[in-house]
Structure formats: C-alpha cells, structure tokens
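# Results of the structural survey
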There are 2 protein chains.
Amino acid sequence: MSKEKVTSQQVAELAGVSQSAVSRVYTTGASASKKTTDKVHKAATALGYRPNVLARAMVSGKSRIIGLVVAYLENQFYPDAIEKLSTQLQEKGYHVLIFMPSKTAENIDAVVEEILDYQVEGIIVASVALSSQLADRCRSAGVPVVLFNRSQDGEGLSCVTSDNFSGGAKAARFLLAGGHKKIGYIAGWEGASTQRDREFGFTAALQQEGATLYAREAGDFSMEKASEATRRMFSDDRPDAVFVANDHMAFAVMDTLRFELGLRVPEDVSVISYDDVPAAAWPAYNLTTVRQRANQMVRETVRILMEQILGDGLQGQQIAIGSPVIVRGSARIPEGWNS
Amino acid sequence: MSKEKVTSQQVAELAGVSQSAVSRVYTTGASASKKTTDKVHKAATALGYRPNVLARAMVSGKSRIIGLVVAYLENQFYPDAIEKLSTQLQEKGYHVLIFMPSKTAENIDAVVEEILDYQVEGIIVASVALSSQLADRCRSAGVPVVLFNRSQDGEGLSCVTSDNFSGGAKAARFLLAGGHKKIGYIAGWEGASTQRDREFGFTAALQQEGATLYAREAGDFSMEKASEATRRMFSDDRPDAVFVANDHMAFAVMDTLRFELGLRVPEDVSVISYDDVPAAAWPAYNLTTVRQRANQMVRETVRILMEQILGDGLQGQQIAIGSPVIVRGSARIPEGWNS
DNA sequence: CCTATAATTACATACGTATGCAAAAATTAT
DNA sequence: ATAATTTTTGCATACGTATGTAATTATAGG
C-alpha cells in the first residue's frame, strides 16, 4: 500500500511516448511539440506524476537546495531572517536545508561537511564563523558561501551585515547629543565580528567627541549574562546611559534596571541597542535601537548567492547595509533631534 | 577550479579496490575486512571523499530528509520548536528541509507537493492544517505526516499537541479560584484546532463551576488584532480577568491594558494565557500561562516519525501532552493555591 | 593437509532523470 | 513537388551510490 512511486517511464508508457519526451516536457528550455506535451500532461495528472528532484539533481548537478547554518534562534532577529530567506529562495525555486550546530564546540565545521554531503548549491552561515579550511573546502567544491550577519576575511567568502561600525557610532552620537556623561557599554560575545565592529564604532565616535567609555561589561549575547553585567555595572556610581550590543540583551538589561535595581528608563538611565527586532517596538520596552534592515540584508544575501550559483567562480562580496537609529522611548531624546 | 567532485570510484582506484568495496565501508551493516577498510579510509581522507547523500538516496530510497512546514515564526513558540526538532532529528541522522507557505491562500497543498518532490521520508506540519486529498497523497506515497500543535482527523494522520482542552479548563479554574466574576476570552484564529480546544475547555470548566463567559473577542493569533480586541472588550464595563489564547497575543493585550487603557495587571485585570514562550518569563510581562511542554511535544513528534519510517504503514497516533499552569504575576494568585 | 563453512570481494545492475546524438518528422524555401 | 532547413523524437548513456549474485579468499574442523 505504501511506496507507490510514479516514474517518468510509467508516464511515457501511458502517453505512448519515450521517457526522454516526458523529461523534456518537464525541463524548461527543452523542445517538445504541443501534441506530446498535452499527451504527457494528461498521463501525468492521471498517474499523479511529479519529477523526482533528487534524481534530477543527480544528473544535472542542480539540487535546488541551499544549506542554512544558524545557531541562536532565541534572538528574534534570526527567525525573522530565516522566514524572509526561505520565502525569497522559494520564489527562486530553491529550498532551505537547515542545520543547527549544537552550541558546544567548533563542530560548525562538521555541520558544514554534512551540508556539503547534500550537494547543496549554496550555503548561508548565519551568526557563526567558519574555519578557513572549511571555507577552502566549500570553494574548491564550487559551493558559494555567504556569511549572514557576520563578517570574516577569506577568499571567496561573501558577507552581508549591517554597517555595524557606523551603527555603533550613531548610537554614541545619539547618547552624547542627549547630554549623557557617564556612558556604559554591554558587549556581546567577544568572538563575534558584529560585537567588535559595533564597539569600535561606538568608542571611536565617543573619542571623536572627546568623550570616553565610562564602564564596560560583557553580556555574551545572552540574556542571563546581560543581567549579571547590568548588576555589576550599576552596583555603584552608575552610568546614566548604556549601549547594549543587541536588543536581545537589552530586554534583560531594561528588566534588570527596572524591576531589580528600581531605576527608571529613560529618566534615570538611557538604553539604546542594536537590531530592532519586533519586540523592541512592544510598548513594554519601547526600545530605541539601531535597526538592522533584515529585508535588505536578506535581499543582498539571495542576490549574491544567485550570482555565484549562475556565474560560478565570482569573487566574494562584502556588503554592509546602512543602519538607522529608530528613536523610541528608552533613551532620552536630544533636543531638536532629527534624522 | 570549481566543481571538483570526488567519487567512490576515484577512492576505489586509489585504494586498489572496487567501487562496491568503498561503498560497503561507508554503509553501516555491510561487511568489509579491516585491511580494505583501512586502505579505503586512507584513500578517502587523501582525496577528501564523502558519500553523496543524494546518490545514496536514489538507490536506497532513504533521503534522510524530513520536510517541515511552518508558518508563524513571529510566535516564539515555533522557532523554539524548530530548534528542538532540528537538533533531535540531526541526532538521528536526519535533516530538515523547511517550507514556509506564503501566508495568503490554501497554497499549503502546493507546498506539500513540493516537499514530496524531494523524496522526504517524513513531513512535520506545524501550525497549519492539511487538506484531506494531500493527506491521502502523502499516505499513498508512504510518507508519514505528523501535525505539530494542530490536531485533525484523517486516516494515517498523527497529531502532537498539548492537552488544550484540559489546559483551557485549568486556566478557567485558576481565574475562578482567584475570585474573578467577569471573565473574558480573547480567541485565536477560529480555524485552528488549538483555538477551538482551548476555548471549549475553558468555557466547559466555567460552566461546570456555574460561571459563564463575560466577553469574547477574536484576536486571530495576531498581536495587532489582539490589541484591537482588547480595546473593544475593555471599552465599557470591563472584565476583571481575561484568558488569552496564546502568549503572543497576551503580550499585546497586556501592553494595551497597561499603556493604552491605564489599567494595572494584575490589580485591575488578571491575564492568563497559553504556551509559556521564553518572553513570558521576562519580568516586564511575568505572565501566568499554561505551558506547552515543547520538549515533550518534539520528542513525541520525532518518536512517531521514526516509528512510521521504520515500520511503515503504522496507524496514526494522537498525542496530547499534559499542560501545567505556570504561576507568575500577571493574574491574581488564589489563596492557598498549589499545583 | 584437505574439506567444509564463513567472510570478503568484484562484477554487474538498478535507482529516476537529463541530455548528446542521430533518425524521423515537420516546416520552409526554391 | 523537391530540396534544404528546422523541429521533434527515440535511443543510449551518464550521474554516484547500494546491493544481489557469484567468485574468491580466509577460517575452522577433522
């Protein structure tokens, strides 16, 4: 009762044509007369035939599969991105095979190897880095790789990020314009390029304005660590403003400030962060934040992949999407602020 | 420079054995002597050989791919579930091909057809329903289907949900025990079995205690609609408690109550909902909610899939996981409440 | 040391489709 | 109407692997 597979051969027999005729009907760009096309379609619908993508992949070398590596689904930014990626790739006729590295060690390499086993036509690596050997391996296998929301040097590697440096700088100038004097920073995971670039941009802008960082703690992109960092940072002689490396941590920071330390946001402390995930707009947080334009990032990612898949061997591209400050209520709004 | 494919044939030549020998070395349960195994492994690592999963799938009929259909990634419950599903399936040697139906029409059927084209060994359908024709199609193709967080009649269809009826009843008893007299309900999308069962359980328990529903509005599982529903429900002669069909809407309900209508939670209005997504525990919401035990739901889903894949043709199973009330601070806590 | 048995191996084939090639049919030009 | 050209078609083969079958080798038993 199970496993009834309908093959092009069976369709061919019913339609009274050859198997290759059936194949040509279903292959775009192949020639088939209207008469046989009709006969084949009729027979196909009668039998419920649909081409086997895997068999097709075998001979054509095109699997129509894109591998996606993603680790931190707790941070809403990533589900959001996955949804957009999947939808846009589906429109192009591709589908997404998802891989989640267990968050222990550097088994990311192992995961990417698994991906390659599926003969994917491209790989998107979100929120994690790639060893240079693996990057080489992908390149020599002719499989384009795009790093999403991480940047990394390496031949043939493409990266799509927001402009984290200038985004961080914007956050600094916003807080300075608000008249803040004691400005703290809660860092993300130190190994992440996004963390690094946001901090560089932030401190560079502070220095440019003659200011200096008042406090710094690491939150590792984790809510719990961010809460602890907040407690340490606000234990004595507290800052009057804090830049948090992403929204996900900022929620924990705000909750800790308000419900644990009894501070008001933004009256006592201004909070600004980075990403603009959906929850940032929820009234409970109403978070002023630097927006990562997920739509554009996804669009660029898909564009690069398609370019590399079609015209193979192209150079890696590094894209940084501009990131505007979204002014809400968690940070004091400078007088006469515009843009 | 691109597309260097290493095949078992090449490994065989380098190792001085036949292609089938190489295959047997990489096939569990096949016989190969230690000597040839060593030779093959040496040659394989020298060439960087890894078996082609797609070719393997062709001949063995096992693609090691599970198709996953999921629509609402904004609701944190689903990213959470995806992560757990993906991880557990990876441990079993399977990988997840993800499909997101564009949220327009009943193109879910089209999406499932696409999934079948990839010769998946099983399908998980989360948060959406399936037409009976498609269910039949999957069954006759020998592909087991598990509905995740939706239940639906149909031969061979398996469902894994929380026990929504008794969960809804628990919510009702919690509010009644808290002394609430005017109890409202904000419904999810009316077409969803989860919505229906939660409401049935809720109103059944109300009636059992001699109470009756004071107000009802539909929120469609959307935050925006839930906000509108809240405004309508609390425009005059407001309820003193409200059960919201899921956490995702409850966040909007609480925000609307607090920041728009100036009501205190739980002093003026008790809010209880369903799911216990991570954000429910965030201090800003501190939401009392009926927990869906995602871990157990995922475990059952994977178990059913594995059973059906191995011993094919099994009957569909309907699993409902018990769902406890997680008491936090958004609803008045009845005196002497335990369990 | 020889036979009986078990383990291993190579050969050949199959999975379902796409595609180069040559034959056949259809179309156009003369 | 015939030749020249284009389009369509069927045949055969290839993609990379697993596996049944038969031949070979290794192991055990006497």
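Below or above, wherever it landed, is the structure these notes cover. In this text, all values refer to a predicted model and were calculated from it rather than measured experimentally.

### Remarks on the protein's contact with DNA strand D
- In the vicinity of DNA strand D there are 27 residues, among which A:Arg24, A:Thr36, B:Ser8, B:Ser23 and B:Arg56 approach most closely.
- Sugar and phosphate atoms constitute 59% of the interface atoms of DNA strand D, taking the interface as everything within 4 Å of the protein.
- Take A:Ser20: an N or O atom from its side chain is 3.3 Å from a base nitrogen of DNA strand D.
- Within the side chain of B:Tyr49, a nitrogen or oxygen atom sits 2.9 Å from a phosphate oxygen of DNA strand D.
- Of all elements in the fold, only α2 (19-26) and α4 (53-60) of chain A together with α2 (19-26) and α4 (53-60) of chain B reach the threshold of two or more residues within the surface near DNA strand D.
- Of the residues that constitute the surface near DNA strand D, the class distribution is 10 nonpolar, 12 polar and 5 charged.

### A short note on the state of the cysteines
Residue and element names in this part refer to chain A.
- Counted by the stated rule, this structure contains 0 disulfides over all chains.
- Not engaged in a disulfide, the cysteine Cys138 finds its nearest cysteine sulfur in Cys159; these two sulfurs lie 13 Å apart.
- In this structure Cys138 comes out as buried when scored by relative accessible area, which is 0%.

### Here we look at the pairing of strand β7 (residues 215-218) of chain B
Residue and element names in this part refer to chain B.
- Taking every second residue as pointing to the same face, the buried face of β7 carries Ala215 and Glu217, while none of Arg216 and Ala218 on the other face is buried.
- Bridge count between strand β6 (residues 183-187) and β7: 4 bridges; the pairing is parallel. Paired with Ala187 across the two strands is Ala218, which belongs to β7.

### Considering the interface of chain A and chain B
- Listed as interface residues are 53 residues of chain A and, on the opposing side, 53 residues of chain B.
- Where chain A abuts chain B, roughly 5200 Å² becomes buried across the two surfaces, and 58% of that area is made up of carbon and sulfur atoms.
- On the chain A side of the contact with chain B, A:Leu54, A:Tyr118 and A:Trp282 bury the most area, a combined 13% of that side's loss.
- Scanning the region where chain A abuts chain B turns up 4 salt bridges.
- For B:Arg50, the salt bridge identified is with A:Glu113, shortest N-O distance 3.6 Å.
- Among the elements of the structure, α4, α5 (77-91), β2 (95-99), α6 (108-117), α7 (132-140) and α11 (247-260) of chain A are those that each provide at least two residues to the side of chain A that touches chain B.
- In terms of residue count, the dominant contributor to the side of chain A that touches chain B is α5(A) (6 residues).

### Quick word on the sheet that holds strand β4 (residues 145-148) of chain A
- The mixed open sheet is built from 12 strands, whose spatial order is β11(A)-β5(A)-β4(A)-β3(A)-β1(A)-β2(A)-β2(B)-β1(B)-β3(B)-β4(B)-β5(B)-β11(B). Pairing within the sheet leaves two strands with one partner each, and these edge strands are β11 (318-321) of chain A together with β11 (318-321) of chain B. Taken over all neighbouring pairs, the strand axes of this sheet differ in orientation by 20° on average, direction set aside.
- As judged from the 3 bridges shared by β2(A) and strand β2 (residues 95-99) of chain B, these two strands associate in the antiparallel manner. The residue bridging A:Ile98 from the neighbouring strand is B:Val96, located in β2(B).
- Strands in contact with α5(A) are β1 (65-70), β2, β3 (122-126) and β4 of chain A together with β2 of chain B; relative to β1(A), the strand with the most contacts, it is inclined by about 175°.

### Details of helix α9 (residues 193-208) of chain A
Residue and element names in this part refer to chain A.
- The end-to-end C-alpha distance of α9 is 22 Å, a good match for the 22 Å that 16 residues give at a rise of 1.5 Å each.
- Buried within α9 we find Ser193, Thr194, Gln195, Asp197, Arg198, Glu199, Gly201, Phe202, Thr203, Ala205 and Leu206.
- Backbone geometry just after α9 places Gly210 at a positive phi near 80°.

### Quick look at the protein's contact with DNA strand C
- In the vicinity of DNA strand C lie 27 residues, with A:Ser8, A:Ser23, A:Arg56, B:Arg24 and B:Thr36 positioned nearest.
- Contact between DNA strand C and A:Arg24: a base oxygen at 3.3 Å from a side-chain N or O atom of the residue.
- Between DNA strand C and A:Asn52 there is a distance of 3.1 Å, counted from a phosphate oxygen to a backbone nitrogen or oxygen.
- Broken down by secondary-structure element, the contributors of at least two residues to the surface near DNA strand C are α2 and α4 of chain A together with α2 and α4 of chain B.

### Regarding the sheet that holds strand β7 (residues 215-218) of chain A
Residue and element names in this part refer to chain A.
- Spatially, the 6 strands line up as an open sheet ordered β7-β6-β8-β9-β10-β12, and their pairing is mixed. The open sheet is flanked by β7 and β12 (325-326), the only strands paired with a single partner.
- Each of β6 (183-187), β7, β8 (241-244) and β9 (270-275) touches α9; the most contacted strand, β6, lies at about 170° to it.
- The strands touched by α11 within the sheet are β6, β8, β9 and β10 (288-291), with β9 carrying the most contacts at an inclination of about 160°.

### Comments concerning the relation of the copies chain A and chain B
- Once turned by 180° and shifted 0.0 Å along the axis, chain A lies on chain B with an RMSD of 0.1 Å. Each copy turns onto its partner about a two-fold axis. For chain A, the minimum C-alpha distance to the rotation axis belongs to A:Leu97 and amounts to 2.2 Å.
- Both copies share a contact surface, since 100% of the interface residues of chain A are interface residues in chain B too.

### Section: helix α3 (residues 34-47) of chain A
Residue and element names in this part refer to chain A.
- With 14 residues, α3 should reach 20 Å at 1.5 Å per residue; the first-to-last C-alpha distance of 20 Å fits that figure.
- Elements that come into contact with the buried residues of α3 comprise α1 (8-15) and α2.
- Just downstream of α3, Gly48 is the residue with a positive phi angle, here 75°.

### Side note on the side chain of B:Ser127
- Within the fold, B:Ser127 resides in the loop between β3 (122-126) and α7 (132-140).
- With residues up to four places along the chain from it excluded, the contact list for B:Ser127 reads B:Val70, B:Ala71, B:Tyr72, B:Tyr78, B:Phe148 and B:Arg150.

### Considering the pairing of β4(A)
All names here are of chain A.
- Burial along β4 is two-sided: Val145 and Leu147 and Val146 and Phe148, pointing in opposite directions, are all buried.
- Judged from the 4 bridges that link them, β3 and β4 form a sheet pairing that is parallel. If you follow Ile124 over to β4, its bridge partner there is Val146.
- Regarding topology, α7 serves as the crossover connection from β3 to the parallel β4, and that connection is right-handed.
- One ladder, built from 3 bridges, connects β4 with strand β5 (residues 158-162); its direction is parallel. Looking at β5, one finds that Leu147 is bridged to Cys159.

Rules of the game
Residues numbered from 1 in each chain as written. Chains lettered and ligands numbered in written order. Predicted model: local features only at pLDDT ≥ 70, side-chain atom pairs only at ≥ 80, totals over all residues. Heavy atoms only, no water. Near = heavy atom within 4 Å. Polar contact = N/O pair within 3.5 Å; in protein donor to acceptor, adjacent residues only side chain to side chain. Helix = DSSP H or I, 4+ residues; strand = E, 2+ residues; numbered from the N terminus. Nonpolar A, V, L, I, M, F, W, Y, C, P; charged D, E, K, R; others polar. Disulfide = S-S within 2.5 Å. Buried < 20%, exposed > 50% of the residue type's maximum accessible area, 1.4 Å probe, protein only. Pairing = 2+ DSSP bridges. Contact = heavy atoms within 4.5 Å. Buried area = accessible area lost by both parts, 1.4 Å probe. Salt bridge = Lys/Arg side-chain N within 4 Å of Asp/Glu carboxyl O. Axes fitted to C-alpha atoms, helices over the stretch in contact; angles between N-to-C directions. Expected span 1.5 Å × (residues − 1). Least-squares fit on C-alpha atoms with pLDDT ≥ 70 in both. Right-handed = clockwise from strand over helix to strand, strands pointing away.

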